[in-house]
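# Breakdown of the fold
So you can see what is in the structure, the chains are spelled out below.
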Amino acid sequence: MEEKFNIVDISLALLKKWWIILISMFLIAAIFYGHTKLFVAPVYRTNASLYVSNSKSDNSVFQESSEISLNTLVTSQELLKTCIEILGTDRFYTRVKDVSKLNFSTGYLKSMVRMEQKNETNVLEVSVTAPDPRTAYILIETFLACATDEIEWIVSGGSIKTIDHATYSTTPSSKGATKKGIIGAIIGFIISAAIILLIEFTDSRIKSSSDLAQYGLYILAEVPSVPDEEETSKATA
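The structure displayed is predicted, hence computed values, not measured ones. (Residues numbered from 1 in each chain as written. Predicted model: local features only at pLDDT ≥ 70, side-chain atom pairs only at ≥ 80, totals over all residues. Heavy atoms only, no water.)

### Structural notes on the sheet that holds strand β4 (residues 159–164)
- With antiparallel pairing, the four strands of this open sheet are ordered in space as β2-β3-β1-β4. The sheet is open, and its two borders are formed by β2 (113–117) and β4, each paired with just one other strand. Neighbour to neighbour, the strand axes of the sheet diverge by 30 degrees on average, direction disregarded.
- Pairing of strand β1 (residues 44–53) with β4, which is carried by five bridges, proceeds in the antiparallel orientation. The residue bridging L50 from the neighbouring strand is T162, located in β4. (Pairing = 2+ DSSP bridges. Helix = DSSP H or I, 4+ residues; strand = E, 2+ residues; numbered from the N terminus. Axes fitted to C-alpha atoms, helices over the stretch in contact; angles between N-to-C directions.)

### Re a nonpolar patch on the surface
- The grouping of W18, W19, L22, I23, F26 and L27 at the surface amounts to a nonpolar patch, some 710 Å² of accessible area in total.
- With respect to the element layout, W18 can be found in helix α2 (residues 18–39). (Patch = residues over 30% accessible without salt bridge, like charges linked within 9 Å, V, L, I, M, F, W, Y side chains within 5 Å. Areas by Shrake-Rupley, 256 points an atom, 1.4 Å probe, with all protein chains shown as cover. Salt bridge = Lys/Arg side-chain N within 4 Å of Asp/Glu carboxyl O.)

### Considerations on the pairing of β1
- Most of β1 is tucked away: seven of the 10 residues are buried.
- One ladder, built from eight bridges, connects β1 with strand β3 (residues 123–130); its direction is antiparallel. Its bridge partner being in β3, L50 is matched across the sheet by L124. (Buried < 20%, exposed > 50% of the residue type's maximum accessible area, 1.4 Å probe, protein only.)

### Description of the pattern of salt bridges
- By the definition in use, this model includes seven salt bridges.
- Where D149 meets R95, a salt bridge forms, and the shortest distance between an N and an O atom there is 3.5 Å. Of this pair, D149 sits in helix α6 (residues 133–154) while R95 sits in helix α4 (residues 90–100), and the two are 54 residues apart along the sequence.
- Using a relative accessible area of 42% as the deciding quantity, one classes D149 as partly exposed.
- Measuring nitrogen to oxygen at the nearest pair gives 3.6 Å for the salt bridge that ties R114 to E116.
- For E116, a relative accessible area of 35% gives the class partly exposed.
- Through salt bridges with shared partners, a single network forms among R91, R95, D149 and E150.

Here's what the structure looks like:
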């Protein structure tokens, strides 16, 4: 007869072994947290922002005509997407490497930089994550300096201006040790719960009279457990 298990059976099976689950969660969480704290190298992050326009004239973005302003805005947002592609090319990062004098490959420099449009505006946010604060600062400032010339040279009529320059920070970014510890606890729960349920529901041994009911069998008689004489004498002493 095929056994069927419901949520109550699963919950009871897990509750009977709650201490195993708790220990597993604690151990794996400690491993994840400790590994992140001890063996993951610190990184340093700095940010800057750029404004992209489809005109080199500052006044064109703020014209009185709403129709012209809307066209300018839409065109500038399309231009921003193009700028992200241009500023992600190997050619551009080769120039950044030559100007910055950083001793890294263009591929590694590119991996340290992240660009994204801010809230569907003409603002381009740039962030750099590097192994030391000096590299992070030099890279992002060189990026900003080269980006202006690169866009104005490639895109006719386009311009890009720096809104916020980077700050030099000697404080490393969070390693995410707490987050890794939480992930470890979740993994510990899943693994321990899966093992407990696998053992519990694949064990075909009869442990009590209620187990027989699952197979459509019923108890005709039970033999009581009778204590021996030694246990009886100790109890009455």
